[in-house]
Amino acid sequence: MTIEIQSLLALNATLILQILGLSAVVLADKYIRKKDRMILLENIILIFSVIIVTQIESFSQHDKSLYFLRLVTSIFCYVIRPVIIVLFIRLLSDNKRPWILVVLNTIIYFSAFFSGIAFKITKDNLFIRGPLGYSCHIICGILLIWHIYLTLKKYRSEKRRLNYIPITVTLIIILGAIADSVSNFDARISFLTVSVVTGSLFYYIWLHLRFVREHEKAIENERRIEIMMSQIQPHFMFNTLSTIQALCLTDPKKAFSTAEKFGTYLRNNIGSLDKNELVPFDKEFEHTRVYIEIETIRFPNIKVDYDIEEEDFELPALTLQPIVENAIRHGVRIRKNGSIWITVKRENNFNLICVQDNGKGFDLEAYEKSDEMHYGLKTIRDRVENLCNGELIIESEIDKGTTVTIKVPVRGEYK
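Residues numbered from 1 in each chain as written. Predicted model: local features only at pLDDT ≥ 70, side-chain atom pairs only at ≥ 80, totals over all residues. Heavy atoms only, no water.

Enquirer: Describe the overall build of the protein chain, with residues and values.
Expert: Counting secondary structure elements, the protein chain contains 14 helices and nine strands. Classification of the 415 residues of the protein chain by burial places 44% in the buried group. Counting only contacts in the protein chain whose residues sit at least 6 apart along the sequence, the fraction spanning at least 24 positions is 71%. Looking at the protein chain as shown, the accessible area adds up to about 22300 Å², and 59% of this sits on carbon and sulfur atoms. (Helix = DSSP H or I, 4+ residues; strand = E, 2+ residues; numbered from the N terminus. Buried < 20%, exposed > 50% of the residue type's maximum accessible area, 1.4 Å probe, protein only. Contact = heavy atoms within 4.5 Å. Areas by Shrake-Rupley, 256 points an atom, 1.4 Å probe, with all protein chains shown as cover.)

Here is the structure:
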């Protein structure tokens with residue numbers, strides 16, 4: 001056995017072991033999405049089949065009687081290579097349009113069975129390229145450009161350096177194709193084949209790192225929520241107890257009713273502390289209403305008006321009440337005649353909850369950069385976005401007031 005054949009067998013064995021190892025890891029990894037795992041496995045199977053069929057095609061070149069086998073294996077390799085790239089694209093986008101190029105490529109090369117428009121294998125087992133013989137190369141080039149475009153688009157939307165890994169995969173495949181065109185390396189194992197195996201490995205690493213990033217973000221959100229929950233209105237609780245204590249001396253009946261409302265508030269509040277899920281609006285509103293009643297006892301200069309047109313929807317627990325508390329504590333409490341308007345209505349497939357006040361307002365840009373924003377409205381915004389695909393909009397003008405609007409998609413519009 002010559003050194004060249006030994007080297008080819010060793011490279012074949014290395015690639016096959018890499019593919020088998022990657023298959024085992026992908027199958028065992030339950031953290032990446034099932035859909036992405038299946039796409040990777042499909043691609044691994046196709047790459048493995050190309051390696052095997054390429055060996056058969058190379059073997060058939062040396063025997064004139066095997067010209068039809070060479071024809072079939074050549075067609076197979078030309079047809080499958082664009083499919084491999086499209087499967088890489090599917091890991092970035094569900095767009096179906098790349099498959100149009102795959103179908104076109106398949107039609108062109110299947111014509112080799114009855115026409116030489118792409119290529120033909122003569123009965124002397126000679127390969128003759130036709131006028132459309134480079135269609136596979138051109139289509140693969142278009143698909144690689146498409147792949148780069150989707151990667152850059154994904155990077156712009158997510159702004160993660162991690163998304164440069166798919167671009168690296170594209171560059172590796174392009175370099176493999178260039179190396180094949182300028183080298184005299186044995187066609188039985190091409191640089192392109194090595195490139196797509198490496199690309200599959202890189203894509204697995206990318207998918208797993210994305211899971212790690214998303215998991216870390218989820219943990220960070222949970223910690224932020226825990227901080228918010230642990231800091232729920234301690235000043236309000238202490239001040240309410242002080243109010244009840246003072247009322248015991250001046251108005252025992254009001255002290256009794258206030259203590260009753262405070263007990264209801266605590267019961268509702270404590271029941272919501274461990275909820276990282278959606279709750280009916282009427283329950284969240286009742287919780288908020290009890291809080292407002294207690295606060296208006298302490299601050300009779302505050303008036304709250306309600307305009308509730310829609311109640312049949314859900315939102316994250318402890319969403320409305322912290323917004324109203326912000327309006328009272330940081331807005332209207334200092335006003336001689338403080339006013340808060342709470343409006344709930346349905347508009348354009350969204351349930352809108354609007355909390356408007358005539359308080360002192362604030363510099364919105366500075367507030368969003370502060371720690372207070374980080375653990376206050378930012379936490380509410382994150383929960384609304386993550387739990388119900390909603391949106392939190394803040395508008396404020398100094399000395400005129402603040403408006404906070406929660407947009408919750410109607411049922412069936414959630415992610």
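This is not the end of the story, as more comes after the structure.
Enquirer: Break down the nonpolar core for me, with residues and values.
Expert: Nonpolar side chains in soluble globular proteins tend to be buried together. Residues Leu-40, Ile-84, Tyr-109, Phe-119, Leu-143 and Tyr-203 are the most contacted members of the largest nonpolar core, which totals 52 residues. For this core, the secondary-structure elements that each account for two or more residues are α1 (3–28), α2 (34–60), α3 (67–90), α4 (98–110), β1 (119–121), α5 (135–158), α6 (164–182) and α7 (191–230). Discounting chain neighbours no more than four positions away, the residues touching Ile-84 are Asn-43, Leu-46, Ile-47, Val-50 and Val-196. Of all hydrophobic cores here, the second largest spans 36 residues; its members include Tyr-265, Ile-294, Ala-327 and Ile-342. (Core = buried A, V, L, I, M, F, W, Y, C linked by side-chain atoms within 4.5 Å.)

Enquirer: Give me the packing of aromatic side chains: which residues, what numbers.
Expert: Given two aromatic rings, one states the distance between the centres and the angle between the planes to describe the pair. Taken as a whole and judged by the stated rule, the model has 11 aromatic pairs. Geometrically, the ring pair formed by Tyr-78 and Phe-119 is tilted, given 5.5 Å between the ring centres and 45° between the ring planes. On the criterion of sequence distance, the pair formed by Tyr-78 in helix α3 and Phe-119 in strand β1 is long-range, its members being 41 residues apart. Taken individually, Tyr-78 and Phe-119 each receive the classification buried, so the pair is uniform in this respect. (Phe/Tyr/Trp six-rings, centres within 6.5 Å; stacked < 30°, edge-to-face > 60°.)

Enquirer: Which residues make up helix α14 (residues 377–388), and what values go with them?
Expert: Here α14 contains 12 residues, and its C-alpha end-to-end distance of 16 Å stays within 8% of the 16 Å for a straight helix at 1.5 Å per residue. Listing the buried residues of α14 in full gives Leu-377, Thr-379, Ile-380, Arg-381, Asp-382, Arg-383, Val-384 and Cys-388. Trailing α14 by a residue or two, Asn-389 shows a phi angle of about 60°, which is positive. (Expected span 1.5 Å × (residues − 1).)

Enquirer: Provide a residue-level description of a nonpolar patch on the surface, including the pertinent values.
Expert: A contiguous nonpolar patch, built from Phe-68, Val-72, Phe-110, Phe-113 and Phe-114 and spanning about 540 Å² of accessible area, is present on the exposed surface. Tracing the backbone shows Phe-110 in helix α4. (Patch = residues over 30% accessible without salt bridge, like charges linked within 9 Å, V, L, I, M, F, W, Y side chains within 5 Å. Salt bridge = Lys/Arg side-chain N within 4 Å of Asp/Glu carboxyl O.)

Enquirer: Any chance you could break down the pairing of strand β7 (residues 350–357) for me, citing the residues and the numbers?
Expert: Looking along a regular strand, one sees the side chains alternate between the two faces of the sheet. Here β7 lies mainly inside the structure; six of its eight residues are buried. One ladder, built from eight bridges, connects strand β6 (residues 338–347) with β7; its direction is antiparallel. When the bridges of β7 are listed, Trp-341 appears paired with Gln-356. Between β6 and β7, which follow one another and run antiparallel, lie two residues, and Asn-348 among them has a positive phi close to 50°. Relative to strand β9 (residues 401–409), β7 runs antiparallel, the two sharing eight bridges. Note that in β9 the partner of Asp-357 across the bridge is Thr-402. (Pairing = 2+ DSSP bridges.)

Enquirer: Give me the pattern of salt bridges: which residues, what numbers.
Expert: Applying the stated criterion to the full structure yields 11 salt bridges. Linking Asp-94 and Lys-35 is a salt bridge whose minimum nitrogen-to-oxygen distance equals 2.1 Å. With Asp-94 in the loop between α3 and α4 and Lys-35 in helix α2, the pair connects residues that are 59 residues apart, well separated along the chain. Residue classification places Asp-94 among the partly exposed residues on the basis of a relative accessible area of 49%. In this structure, Arg-289 engages Glu-286 in a salt bridge whose closest nitrogen and oxygen atoms are separated by 2.4 Å. Pair noted here: Arg-289 and Glu-286 are both in helix α10 (residues 281–298), with a separation of three residues, about one helical turn. Residue class for Arg-289 comes out partly exposed when judged on its relative accessible area of 24%.

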